[in-house]
Amino acid sequence: QRHRIFQLLLPLVGSQLRGLANALAVASDGKRLYAGTVAGVWRSDDGGVTWRQMTRPQPPQGVDTVPGALFVPDVYDVAISPQNPDVVMVGAKDDLHSQAMNGIFRSEDGGTTWAPAKQFACSLGGAVTQIVFAPDDPSLVYAAGGCAIGLSRDGGKSWTEMAIPGVSVNFGNYPLTVGKTSATV
C-alpha cells in the first residue's frame, strides 16, 4: 500500500506546483492523508486522489504574529492522532523569520489552523525531524528534537525535554522507535 500512496503523490509533485514531499502520514481510516513538503502541509480526504494545501500564506519576513498560520514552510515529519484525524502535528524547520519558529506545530482542525506546540531550547529552536505516538496510548507522544527527546503526555498540547546523555549540541536527524507504554525510549 505504501507504493500505491506514493504513486498517487506523483501527480502533485509533477504538476505545476512542483515540490518535495518529506513525510507522509495516513490516518487510521486510510482515507485521510497528510504530506509534509517544502511547501507546507497538503491533505487528502480521499486516499490520495485529490490534494489541497493546508498552509495559510506565510507571513512576510519580520512579522511573527499571524494567528493560526504555520510559520515554517519546510515540514519534515507529520503525525496524526490515532483517535482523531483532525489532530495533526508537524515537525518544521528552516524558518527565516526574524525570530525562528522551528519546532512542533499542532492543529486540532485538520490543518486549517496551527499553533506552535514546542521549540527545543537545547537546539535554539532547531529541527524536529520525527514525531511518534505511542502505539497503545494516543496521549503519549515523542519527538526527536536535535539534542533532546520531547515527551508529551497530553496528545502534544504540552511538552517536556529529556536530554540525551553526552549530547549538548544539535546533532541533526535521528530516528525514534516507540514501543508500548511499559517500554522505555
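Overview of the sheet that holds strand S4 (residues 52-53)
At step 1: Read from one edge of the open sheet, four strands run S1-S2-S3-S4, paired in antiparallel fashion. Two strands lie at the open edges of the sheet, namely strand S1 (21-26) and S4, each paired on one side alone.
At step 2: Summarising the sheet, strand S2 (residues 33-37) and strand S3 (residues 40-44) pair through five bridges and their orientation is antiparallel. Bridging across to S3, Ala35 finds its partner in Trp42.

Describing the confidence of the model for the protein chain
Low-confidence regions, as indicated by low pLDDT, have predicted coordinates that should not be scrutinised in detail.
At step 1: For the protein chain, the mean per-residue pLDDT works out to 79, and 71% of the residues sit at or above 70.
At step 2: No element of the protein chain has a lower mean pLDDT than helix H1 (residues 2-14), at 43, and none a higher one than S2, at 94.
At step 3: Low pLDDT, under 50, characterises residues 1-17; the predicted model gives this stretch 16 contacts beyond four residues in sequence or across chains.

Describing the sheet that holds strand S11 (residues 148-152)
For sheets, the rule is that strands pair by backbone hydrogen bonds, running either parallel or antiparallel.
At step 1: Read across the open sheet, the four strands follow the order S9-S10-S11-S12; overall the sheet is antiparallel. Only two strands of the sheet have a single partner each, and these edge strands are strand S9 (130-134) and strand S12 (160-163). Taken pair by pair, the neighbouring strands of this sheet meet at an average axis angle of 25°, ignoring direction.
At step 2: In this structure, strand S10 (residues 137-144) lies alongside S11, joined through four bridges in antiparallel fashion. When the sheet's bridge partners are listed, Val141 is paired in S11 with Ser152.

Comments concerning the side chain of Asp77
At step 1: Mapped onto the secondary structure, Asp77 falls in strand S5 (residues 74-80).
At step 2: On the basis of relative accessible area, Asp77 is assigned to the buried category, the value being 13%.
At step 3: Residues in contact with Asp77, not counting those within four places in the same chain, are Ala23, Met89, Val90, Gly91, Thr129, Gln130 and Ile131.

Things to note about the pairing of strand S7 (residues 103-107)
At step 1: Of all the five residues making up S7, five are buried; the element is thus mostly covered by neighbouring parts of the structure.
At step 2: In this structure, strand S6 (residues 88-93) lies alongside S7, joined through five bridges in antiparallel fashion. Each residue of the ladder has a partner; that of Val90, found in S7, is Phe105.
At step 3: Summarising the sheet, S7 and strand S8 (residues 115-118) pair through three bridges and their orientation is antiparallel. In the strand pairing of S8, Ile104 is matched with Lys118.

With respect to the pattern of salt bridges
At step 1: Scanning all chains against the criterion turns up six salt bridges.
At step 2: Residue Arg32 is joined to Asp86 by a salt bridge in which the shortest nitrogen-to-oxygen separation is 2.8 Å. Of the two residues, Arg32 is situated in the loop between S1 and S2 and Asp86 in the loop between S5 and S6; the sequence distance between them amounts to 54 residues.
At step 3: Taking the shortest distance from any N to any O, the salt bridge between Lys118 and Glu161 comes out at 2.9 Å. Of this pair, Lys118 sits in strand S8 while Glu161 sits in strand S12, and the two are 43 residues apart along the sequence.
At step 4: In this structure, a network of salt bridges that share partners links the residues Arg32, Arg43, Asp45, Arg52 and Asp86.

Basis of the calculations
Positions within a chain are numbered from 1, following the residues in the order the chain's sequence is written. Selection of residues for local features in this predicted model requires a pLDDT of at least 70, selection of side-chain atom pairs for listing and counting requires 80 or more, and totals for whole chains, interfaces and linings are taken over all residues. The basis for every side-chain value is the complete set of non-hydrogen atoms in the structure, without hydrogens or water. A pair of strands is labelled paired if DSSP reports no fewer than 2 bridges between them. Each helix is a run of DSSP H or I of at least 4 residues and each strand a run of E of at least 2, with the numbering of both proceeding from the N terminus. Values of pLDDT, the confidence the predictor places in each residue, fall between 0 and 100. What makes two residues a contact is simply this: any of their non-hydrogen atoms within 4.5 Å. Here an angle of 0 to 180 degrees is reported between the N-to-C directions of two axes, which are lines fitted to C-alpha atoms, with helices fitted over the stretch in contact. A simple rule labels every residue: compare its accessible area, found with a 1.4 Å probe on the protein chains alone, to the largest value its type can have, and call it buried under 20%, exposed over 50%, or partly exposed in between. One side-chain nitrogen of Lys or Arg within 4 Å of one carboxyl oxygen of Asp or Glu is enough to make a salt bridge.

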